[in-house]
Amino acid sequence: LGESYSVEDLPPEILEANRLRAIRSMEKLGFHSMHPYDDAHCGFWENPWSFLVACKSSKCSENWYASSAQVELSIRKRLRKSLSGENLMKYFDGSTMAFFQVP
């Protein structure tokens, strides 16, 4: 979605109109569950960036709201082991995912 803006940057009526237009467009495309989040650690610019995960299936939403332990297990099942034995996921784990689950 791009660089995040604070609520003070846009008048509320414009902010809500844009948000509603985006949600309606996504619903028309078959996305029924949307999970927006901001990340201040992505390193693009000084301000945080906003992202949107949009789900068409209930399994996608289940994965989004998985517990930290479930996310850890999924990561371990999907990644190959590194040659050095070190963790390949330096910046993401179950606890990090839990942070994104709450707006």
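Residues numbered from 1 in each chain as written. Predicted model: local features only at pLDDT ≥ 70, side-chain atom pairs only at ≥ 80, totals over all residues. Heavy atoms only, no water.

With respect to the nonpolar core
Item 1. Listed in full, the 6 residues of the largest apolar core are Trp64, Ala66, Val71, Ile75, Met97 and Phe100.
Item 2. Going through the elements one at a time, α3 (68-78) and α4 (94-101) are the ones with two or more residues in this core.
Item 3. Each residue touching Val71, except ones within four places of it in the same chain, is listed here: Ala66, Phe92, Asp93, Gly94 and Met97. (Core = buried A, V, L, I, M, F, W, Y, C linked by side-chain atoms within 4.5 Å. Buried < 20%, exposed > 50% of the residue type's maximum accessible area, 1.4 Å probe, protein only. Helix = DSSP H or I, 4+ residues; strand = E, 2+ residues; numbered from the N terminus. Contact = heavy atoms within 4.5 Å.)

Some details on the state of the cysteines
Each disulfide consists of one covalent bond between the sulfur atoms belonging to two cysteines.
Item 1. Under the definition given, this model contains 1 disulfide.
Item 2. Put simply, Cys55 and Cys60 are joined by a disulfide, and their sulfur atoms are 2.1 Å apart. Since a negative S-S torsion denotes a left-handed disulfide, the Cys55-Cys60 link at about -50° is left-handed.
Item 3. The exposure class assigned to Cys60 is partly exposed, which follows from its relative accessible area of 25%. (Disulfide = S-S within 2.5 Å.)

A look at the side chain of Ser33
Item 1. In this fold, Ser33 is placed in strand β2 (residues 33-39).
Item 2. Ser33 sits in the buried class, given a relative accessible area of 18%.
Item 3. Separated by 3.0 Å, the side chains of Ser33 and His35 make a polar contact.
Item 4. Separated by 2.7 Å, the side chains of Ser33 and Ser61 make a polar contact.
Item 5. Among all residues touching Ser33, those that are not within four sequence positions of it are Val53, Ala54, Cys55 and Ser61. (Polar contact = N/O pair within 3.5 Å; in protein donor to acceptor, adjacent residues only side chain to side chain.)

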